[in-house]
Structure formats: structure tokens, C-alpha cells
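# Coordinates in review
Residues per chain are reported as follows:
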Amino acid sequence: MAATAPDPAPAPGAAALALHCGHWFDAKAGQRLGAATVVVQGERIREIKPGRIEVPGATAIDLGDATCLPGLIDAHTHLSLTTDADPLRWNLADFAVRSVVHAQRTLQAGFTTVRDMSDINNETVALRNAVDAGIVPGPRIFTAGRPIGSTGGHADWSVGLRADLQRDLGPNNGIANGPDEAMKAVRQHYKDGVDTIKIMASSSLFEDQPGGAIPHMTLAEIKAVADTAREYGLTVGAHAHDPESIRRAVLGGVDSIEHGTFIDAASAELMKLHGTWFVPTICVGKIVAENADEWGSESPQEAARMRTFGNLMQAGAGRAYKAGVKVAFGSDEGACPHGENAREFVYMVEAGMPPAYALQAATTHAAELLKKSADLGTLEAGKFADVVAVPGDPLQDIATMRKVVFVMKGGRVYRQDDRPVAAN
Ligand SMILES: [Zn+2]
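Residues numbered from 1 in each chain as written. Predicted model: local features only at pLDDT ≥ 70, side-chain atom pairs only at ≥ 80, totals over all residues. Heavy atoms only, no water.

## Brief notes about the domain arrangement of the chain
Operational definition: Domains are outlined according to an automatic or database domain assignment. Contacts are residue-level and defined by heavy atoms, with any inter-residue pair within 4.5 Å sufficient. Using a 1.4 Å probe, buried area is obtained as the accessible area two parts lose upon being combined, added over both of them. A side-chain nitrogen of Lys or Arg and a carboxyl oxygen of Asp or Glu constitute a salt bridge if their distance falls within 4 Å. N or O atoms closer than or at 3.5 Å make up a polar contact, with two conditions inside protein: a donor-capable atom paired with an acceptor-capable one, and, for residues adjacent in sequence, both atoms drawn from side chains. Strands here mean DSSP runs of E at least two residues long; helices mean DSSP runs of H or I at least four residues long; both are numbered from the N terminus.
Assigned domains within the chain: domain 1 (2-70 + 377-420) and domain 2 (72-369). Each of domain 1 and domain 2 was reduced to a C-alpha centroid, and the two centroids are 29 Å apart. Facing 29 residues of domain 1, the contacting portion of domain 2 comprises 29 residues. Roughly 2400 Å² of surface becomes buried between domain 1 and domain 2 when both sides are summed, with 67% attributable to carbon and sulfur atoms. Across the contact surface, domain 1 and domain 2 share two salt bridges. Across the domain 1-domain 2 interface, the total number found is six residue pairs in polar contact (both at pLDDT 80 or more). Looking at the side of domain 1 that touches domain 2, the elements with two or more residues in it are β7 (67-70), β16 (406-409) and β17 (412-416). The element best represented in the side of domain 1 that touches domain 2 is β16, accounting for three residues.

## Looking at the nonpolar core
The test is simple: As used in this record, nonpolar core signifies buried Ala, Val, Leu, Ile, Met, Phe, Trp, Tyr and Cys residues forming a set joined through side-chain atoms within 4.5 Å. The cut-offs for exposure are 20% and 50% of the maximum accessible area for each residue type, with area from a 1.4 Å probe on protein chains only; residues under the lower value are buried, those over the upper are exposed, and the others partly exposed.
Within the largest apolar cluster, 64 residues are counted, with the highest numbers of intra-cluster contacts made by Ile 197, Ile 199, Ile 257, Phe 345 and Met 401. If one sorts the elements of this core by residue count, helix α12 (residues 355-369) sits on top with six residues. Lining this core are residues from two domains, each supplying at least three of them: domain 1 (2-70 + 377-420) and domain 2 (72-369). Once residues within four sequence positions are removed from consideration, Ile 257 is found in contact with Ala 238, Ala 240, Ile 246, Ala 249, Val 250, Met 271, Thr 276, Trp 277, Phe 278 and Val 279. Counting residues in hydrophobic clusters, the runner-up holds 20 residues, among them Leu 17, Cys 21, Ala 36 and Val 40.

## Things to note about the packing of aromatic side chains
Definition in use: Between 30 and 60 degrees the pair is tilted, below 30 it is stacked and above 60 it is edge-to-face, where a pair is any two Phe, Tyr or Trp rings, Trp via its six-membered ring, whose centres lie within 6.5 Å. Working rule: Lys NZ or Arg CZ, within 6 Å of ring centre, within 35 degrees of ring normal, means a charge sits over the ring.
The final tally for this structure, using the stated rule, is seven aromatic pairs. For the pair Tyr 321 and Tyr 357, a centre-to-centre distance of 4.8 Å together with 65 degrees between the ring planes defines the contact as edge-to-face. With a gap of 36 residues between them, Tyr 321 in helix α10 (residues 309-323) and Tyr 357 in helix α12 connect regions that are remote in the sequence. Since its relative accessible area comes to 22%, Tyr 321 is described here as partly exposed. Under the relative-accessibility criterion, Tyr 357 is labelled buried at 15%. Among the aromatic side chains, those forming a connected cluster through ring pairs are Phe 111, Phe 329 and Phe 345. It is Arg 44 that lies over the ring of Phe 384; its NZ or CZ is 4.0 Å from the centre. Seen from the ring of Phe 384, Arg 140 lies directly overhead, with NZ or CZ sitting 3.8 Å from the centre.

## Comments concerning the pairing of strand β2 (residues 23-26)
To be explicit about the condition: Pairing between two strands is assigned when DSSP locates at least 2 bridges connecting them.
Both faces of β2 are covered, namely the face carrying His 23 and Phe 25 and the face carrying Trp 24 and Asp 26. Here β2 runs beside β7; their pairing, made up of two bridges, is parallel. Each bridged residue has a counterpart across the sheet, and for Trp 24 the counterpart in β7 is Cys 68. In this sheet, strand β3 (residues 31-33) lies alongside β2 in antiparallel orientation, the contact comprising three bridges. In the sheet register, Phe 25 faces β3, and the bridge partner there is Arg 32.

## Overview of the state of the cysteines
Stated formally: Two cysteine sulfurs form what is called a disulfide whenever their separation falls within 2.5 Å.
Tallied over the full model, the rule gives two disulfides. Disulfide pairing places Cys 21 opposite Cys 68 at an S-S distance of 2.0 Å. Here Cys 21 and Cys 68 share a disulfide; its torsion about the S-S bond, -90 degrees, makes the bridge left-handed. Taken together, the residues span a long stretch of sequence, with Cys 21 in strand β1 (residues 17-21) and Cys 68 in strand β7 at a distance of 47 residues. Judged by its relative accessible area of 4%, Cys 21 is buried. Cysteine pairing in the chain follows 1-2, 3-4, where each cysteine in a disulfide is numbered by its order in the sequence.

## A word on unusual backbone geometry
In the Ramachandran plot, Ser 118 falls in the positive-phi region, its phi being about 125 degrees despite a non-glycine side chain. Take Ser 118: it is sitting in the loop between β9 (111-116) and α2 (123-132). A residue is classified by how much of its surface remains accessible, and Ser 118, at 5% relative accessible area, is buried. Located in the positive-phi region is Asp 332, a residue other than glycine, with phi close to 60 degrees. Its location among the elements puts Asp 332 in the loop between α10 and α11 (343-350).

Here you go:
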């Protein structure tokens, strides 16, 4: 939708930029190659040439020995949310204002595109529009707006409140019971201007359910969401931790499974059969584990359970990768601190994925999940000039992805010499 609407074409003869990269990551091949010159015209890449080539008439940007990569894509963010958010005291405006700062941090960290996987009340739709209009700097945003789920589930904000404060929420609030309401919820989201749909197919890990999590939507409800979403060209991502919820989501026709903590051999096979993407979000598990003493203060058992989340999610990601399930990068930014999205790379490699695969998860794979491979995911002529650079070799040391020194989005430089560029 609007997030990839082209800017006005550059004026004829508009000055080109020549990025001189010490090395570059060929995301299609999964290889780090030698020096290259990326020629940028307007918002697109005009060509990429091996070696350090002088381009007549172009302004040169020398990135020294740095490795250039396609702009990174985080397929699971929450730009308006934080772990200290207080939905009972904060107004929508509080979330919206903060989201502007989070968008800048995300972009500065090298993530030039995000799939935002739920907010409070469509404030990320407004954020996307403001970024697209050039009013605030931020990544390209493909947002789900509010999550869709069932009464009492992970999308129902009134769970746990005193009875007289609870609400009987309906499809217009993202709460759907039965296929007809599921269809209406998607149509309301279409009306709200979202780019994708997020469903809460299972309980969250914070509920202490048998087996870790239980289904919260029926196959018929999920199928109604996915069928309706497809009518509008919207993809669907399903929060699903347990094998039965994963099975229903895959059979229902979603594009991706989010978290997938307890993925087993059968659910992995089913995902492969249907070509369903897996977005592991290990970072959120690690953050919960690190904060277990504070967040699990209700009982020692709760804290002990939270301490296991990181390793459980990391193990699930490892099982899925080994089984051959396609993995796309997602940090659950918002729970994972804003701008620290690249921690996920380190956790993915620890889980057993080769560094090149982890980088593909955040480039070619995530672009495919978004159905935006024609515009995003590789450094190639014709694609958006979304380019980042890191010092050293990320295939040797994946942690260097946390040290992005250069960020270009749509031909515009937002970070250079390891500093934000002013007046953007
Ligand atoms: Zn999330």
C-alpha cells in the first residue's frame, strides 16, 4: 500500500550517489563479496558494480572497509509499545508520541523496513502515513494495526481487570467469536487502512497453560480471517506457541507463524508442506527471562517459569531451522528494546542458524514474507536504495550487526560515520 508508493520521480539529471563499499552482502547467494560501488539515482539503485568505480557526476560516499547489506527488515515489531507501557493510564496519544522516537531508533539501527505486528488502536497506521509523507523519519512500515483474537485472549485488553471495568469487545475492536465476526474484524481493519493482519491464535506464554499454551481460535475462525484477508491482498501472521495452534493457523491459510515456541516435528512438517514462514522472536523470550525477578513478582513459580522463556523460544527456533522450515527475522521489538533489533541475529546464530542464513532471514526472506521482493531485500538495480553498512565481516562475527554505521533508505542518508544525519 502507501508504504511502497514511489516518491515523485527524481528530476531528469538528478545527481546520483556512488556508495563505495569495502565489501557487500549478496543476499540472494548468501555470500559476502569484495568491494562494490552502489550507484543510487533518486530513491532506487541504478546499478551495482564490482570494485571501486568512479561514477562521473555522482557524489561519492566512501564507506571504507565496511560491509554493505540490503536495508534490514524486522518482520515482527511493535513500534508504539514498550515493556513499561501502562495501557490503563496512558492515552492513545502517549503511545503515538513515543512511536515516533521508536521509529527513529529502529531506522538508525539499520532496519529500513518493519512489519508492525499490532498496536493499541491503529496509531502505527498514522505513524506509517507520517513516515511516508516525509513528516517524521522512520522505516517503511507495513502495519497490522490492532490484533485480532477471541474474547479472553491475547488481543482482549480487558482480561484481568475487575469485572465492572471489563468490556464485551467486538469485531470493531479486533475481538471476534465465530467466522462471521472474524470476517467483519478483517474488513474493519481494511477500512482502518492496515497492510497486514495479526491474529492471536494461541494463548500467551504468560498464561500458565498445560503444555505451555492452548489454542484461542478455531480453525473456522482462522480460515475466515485468512480468506477475507486474501480478498484484500493482506497477508496474515499468527501468534501461535503450541503445536495445535500452529496446525490450525497453517491449515487456516496464514502466511507466518509468530513465536512458535513449542513447534514439534509434525507442525514443522505441516509448515514446510504449506510454505508457511516462521518468525521466531527469540529476543522477547530473552528479555522476559532477564527481567523474570521483577516481572514475575507474583510468585517464585511464575518467576522461575519466565526464566525459561528465552531458552524455550531459542530451542524452538533451532528445531524449526533444522527441520527445514523457512525462517524470517522478527525481534518482537517493543518487548525487545527499540533499536536493539539486531540482538535477534545473535540469538538466531546461537540457535544453530548460519550467520548468512540469519542475514537472509532479515533481507530476502522477510521481503518474500511481505510479498515485496520486487522492491526490497537485495542490493540490485531497480530496487529501493535501502542500504546499510557494518564494520567488519558479519559472517565471521554476527554481533557486528549491532554496530550499523551507515543507513540509507530510499536514496536518502539517515546515518553516516556512525552518527545520525541531522535535518532528516
Ligand atoms: Zn509481538
